[in-house]
Amino acid sequence: MERPTIDGMTDGFGRRVSYLRVSITDRCDFRCTYCMSETMSFLPKNELLTLQELERLCMVFISKGVRKLRLTGGEPLVRKGMMDLVRSLGRKIGSGLDELTLTTNGAQLAQHAVELADAGVRRLNVSLDSLQSDLFRQITRRGELARVLDGIEAALAAGLKIKLNVVAMRGVNEQELPDIIRFAHLYGMDVTLIETMPMGDVGEDRTDVYLPLSEVRRNLADHFTMRTLDHRTSGPARYVEVAETNGRLGFITPMSHNFCESCNRVRLTCTGTLYMCLGQDDAIDLRAAMRSGANDFELGRVIDDGISRKPRGHDFVIGRGEKPAVRRHMSVTGG
Ligand code: SAM
Ligand code: SF4
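## Remarks on the overall build of the protein chain
Logical step 1: Across its full length, the protein chain holds ten helices and 14 strands.
Logical step 2: Within the protein chain, contacts between residues at least 6 apart in sequence are counted, and of these 73% link residues at least 24 apart.
Logical step 3: Element-wise, carbon and sulfur atoms account for 48% of the exposed surface of the protein chain, whose accessible area totals about 14,600 Å².

## A look at the pattern of salt bridges
Logical step 1: What the rule picks out here adds up to 18 salt bridges.
Logical step 2: Salt-bridge contacts for Arg-67 lead to Asp-98; the nearest nitrogen and oxygen are separated by 2.9 Å. Taken together, the positions of Arg-67 in the loop between α1 (51-63) and β4 (68-72) and Asp-98 in the loop between α2 (82-90) and β5 (99-104) put the pair 31 residues apart, joining distant regions of the chain.
Logical step 3: Arg-67 gets classed as partly exposed once you look at its relative accessible area, which sits at 40%.
Logical step 4: Here Arg-170 makes a salt bridge to Glu-215, at a shortest N to O gap of 2.9 Å. Separated by 45 residues along the polypeptide, Arg-170 in the loop between β7 (161-167) and α6 (177-186) and Glu-215 in helix α7 (residues 213-220) bring together distant segments of the chain.
Logical step 5: Using a relative accessible area of 32% as the deciding quantity, one classes Arg-170 as partly exposed.
Logical step 6: Three or more residues are tied together by salt bridges with common partners; here these are Glu-38, Arg-141 and Arg-142.

## Considering the site of ligand 1
Logical step 1: In the vicinity of ligand 1, 19 residues are found, and the nearest of them are Tyr-34, Gly-74, Glu-75, Ser-127 and Met-197.
Logical step 2: Gly-74 places a main-chain nitrogen or oxygen 3.0 Å from a nitrogen atom of ligand 1.
Logical step 3: In the environment of ligand 1, a nitrogen atom lies 2.7 Å from a nitrogen or oxygen atom belonging to the backbone of Met-197.
Logical step 4: When the free accessible area of ligand 1 is taken as 540 Å², the share hidden by the protein chains comes to 95%.
Logical step 5: Counting only elements with at least two residues in the shell around ligand 1, the list comes to β5 and β7.
Logical step 6: A per-class count over the shell around ligand 1 returns six nonpolar, ten polar and three charged.

## Structural notes on the nonpolar core
Logical step 1: Within the largest apolar cluster, 94 residues are counted, with the highest numbers of intra-cluster contacts made by Leu-69, Leu-71, Leu-164 and Leu-249.
Logical step 2: Per element, the largest residue contribution to this core is seven residues, and it comes from α1.
Logical step 3: Among all residues touching Leu-69, those that are not within four sequence positions of it are Leu-20, Val-22, Cys-58, Ile-62, Leu-89, Leu-97, Glu-99, Leu-100 and Thr-101.

## Concerning helix α9 (residues 296-308)
Every α-helical turn comprises 3.6 residues, leaving residues that sit three or four positions apart pointing alike.
Logical step 1: For α9, which comprises 13 residues, the first-to-last C-alpha distance of 18 Å matches the rise-based estimate of 18 Å (1.5 Å per residue) to within 8%.
Logical step 2: Leu-299, Gly-300, Ile-303, Gly-306 and Ile-307 are the residues of α9 that are buried. Burial along α9 is one-sided: seen end-on, the buried residues are contained in an arc of 115°.
Logical step 3: Backbone nitrogen of Phe-297 and a side-chain oxygen of the N-cap are separated by 3.1 Å at the start of α9; the cap is Asn-295.

## Considering the pairing of strand β3 (residues 19-23)
Logical step 1: For β3, the buried fraction is high: five of the five residues fall into the buried class.
Logical step 2: Side chains Tyr-19, Arg-21 and Ser-23 of β3 all project onto a buried face; the interleaved residues Leu-20 and Val-22 project onto the opposite face, where all are buried too.
Logical step 3: Traced from β3 through α1 to β4, the parallel crossover comes out right-handed.
Logical step 4: Bridge count for β3 against strand β12 (residues 265-268) is four bridges, and the pairing is parallel. Its bridge partner being in β12, Arg-21 is matched across the sheet by Arg-267.

## Concerning the confidence of the model for the protein chain
Predicted coordinates in areas of low pLDDT are best not read in detail.
Logical step 1: For the protein chain, per-residue confidence averages 90 on the pLDDT scale, and 88% of positions sit at 70 or higher.
Logical step 2: Confidence over residues 1-6 falls short of pLDDT 50; this stretch has eight contacts with residues more than four positions distant or in other chains.

## Thoughts on the site of ligand 2
Logical step 1: Taken together, the neighbourhood of ligand 2 is formed by Cys-28, Phe-30, Arg-31, Cys-32, Cys-35, Met-36, Gly-74 and Asn-105.
Logical step 2: Residue classes in the shell around ligand 2 are distributed as five nonpolar, two polar and one charged.

## Let's talk about the sheet that holds β7
Logical step 1: As summarised here, the arrangement of the twelve strands in space is β9-β10-β11-β8-β7-β6-β5-β4-β3-β12-β13-β14, forming an open sheet in which the pairing is mixed. Two strands lie at the open edges of the sheet, namely β9 (226-228) and β14 (283-285), each paired on one side alone. Recorded for the sheet is a direction-independent mean angle of 25° between the axes of neighbouring strands.
Logical step 2: Relative to β4, β3 is paired through five bridges, and the arrangement is parallel. The residue of β4 that forms the bridge with Ser-23 is Thr-72.

## Things to note about unusual backbone geometry
Logical step 1: Positive phi, close to 65°, is recorded for Arg-141, a residue that is not glycine.
Logical step 2: Note that Arg-141 resides in the loop between α4 (133-140) and α5 (145-157).
Logical step 3: In this structure, Asn-246 takes a positive phi of about 60° despite not being glycine.
Logical step 4: For Asn-246, a relative accessible area of 66% corresponds to the exposed category.

## Remarks on the packing of aromatic side chains
Logical step 1: For the coordinates displayed, the defined rule picks out two aromatic pairs.
Logical step 2: Their ring planes at 85° and their centres at 5.9 Å tell us that Phe-30 and Phe-136 sit as a pair that is edge-to-face. Placement of the pair is Phe-30 in the loop between β3 and α1 and Phe-136 in helix α4, with a sequence separation of 106 residues. Side by side, Phe-30 and Phe-136 carry an identical accessibility label, which is buried.
Logical step 3: On the basis of an interplanar angle of 55° and a centroid distance of 5.3 Å, the ring pair of Phe-183 and Tyr-187 is categorised as tilted.
Logical step 4: Just above the ring of Tyr-19 sits the side chain of Lys-68; from NZ or CZ to the centre is 4.8 Å.
Logical step 5: Across the ring face of Tyr-239, the terminal group of Arg-248 is positioned such that the distance to the ring centre comes to 5.7 Å.

What counts as what
- Residues numbered from 1 in each chain as written.
- Chains lettered and ligands numbered in written order.
- Predicted model: local features only at pLDDT ≥ 70, side-chain atom pairs only at ≥ 80, totals over all residues.
- Heavy atoms only, no water.
- Helix = DSSP H or I, 4+ residues; strand = E, 2+ residues; numbered from the N terminus.
- Contact = heavy atoms within 4.5 Å.
- Areas by Shrake-Rupley, 256 points an atom, 1.4 Å probe, with all protein chains shown as cover.
- Salt bridge = Lys/Arg side-chain N within 4 Å of Asp/Glu carboxyl O.
- Buried < 20%, exposed > 50% of the residue type's maximum accessible area, 1.4 Å probe, protein only.
- Near = heavy atom within 4 Å.
- Polar contact = N/O pair within 3.5 Å; in protein donor to acceptor, adjacent residues only side chain to side chain.
- Nonpolar A, V, L, I, M, F, W, Y, C, P; charged D, E, K, R; others polar.
- Core = buried A, V, L, I, M, F, W, Y, C linked by side-chain atoms within 4.5 Å.
- Expected span 1.5 Å × (residues − 1).
- Arc of directions from axis to C-beta.
- Right-handed = clockwise from strand over helix to strand, strands pointing away.
- Pairing = 2+ DSSP bridges.
- pLDDT = per-residue confidence, 0-100.
- Axes fitted to C-alpha atoms, helices over the stretch in contact; angles between N-to-C directions.
- Phe/Tyr/Trp six-rings, centres within 6.5 Å; stacked < 30°, edge-to-face > 60°.
- Lys NZ or Arg CZ within 6 Å of the ring centre and 35° of its normal.

See below:
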């Protein structure tokens, strides 16, 4: 009997796909200005995969060679019952999976940190765009900085390693970036700066705040001595070491630098749609396949079809009055 492939997934450009990001909900307790509009409407519940369906798809991906899995959203920690999913995926660590991680806004982290660590999670990405409560509230539209800091503290105390994700925004947190970097490094956290990407309508023009990281890096040179590192995670960041803080700083530059040639990832949404590229619309409907009774082998075949269609790369552009490069929000595809 033919079995699902266990020898890994390789796309048409010879890139091996070993990293799956899963957006387990499109909902969020924040409304960050670059990510969603104030009046964001969320998907009807019946369109979402159940946690059991999400778990089944993750298991099929693991059997096909996914070694690293990141749960994201929306805000992954707001989905009811998500710890059950984390626990069952955590049991695959060491038998198929190398690493299970999450990206979170940190607001609910204090309650979940110990459970995450117990389930086998070792590293988290936490988004933090400002250390000033007022500005933090303005960017997230409803976030409370103190809660996020409590979450970070709890996670560090539980032994989790944290990387801070910071979206660099002109005239918003631009001046504060050196302080955020010092803060992160003081607590032993890596930090990665991200450019705003044109994803989904957010009710305002992102051109105003788009800040190329090439410019940020030039300005940071007034504050820090940066040495380029060879270090690469399985992500797209390029890293430097900051001599003054002894910490690591990453730059993700989807807009000004194309990192697609080494892309090893695909993204699964909470509705079971598989996107082969963050910046392209082509997708595979795994929910339809699953709900029409496909077995794991047949699901594997549908996934193979998607992987073979993974495009060479994205071509984001940000221009005044331009429509978003892709219609869906980052909270749907997962950051
Ligand atoms: N809610 C969680 C969080 O904020 O960390 C996880 C999901 S969020 C969509 C994942 C990451 O995407 C966050 O670091 C966020 O800053 C980033 N992000 C969202 N929209 C973006 C955009 N338009 N451009 C660049 N980064 C974006
Ligand atoms: Fe929510 Fe994360 Fe989007 Fe902010 S970036 S609105 S926290 S999903």
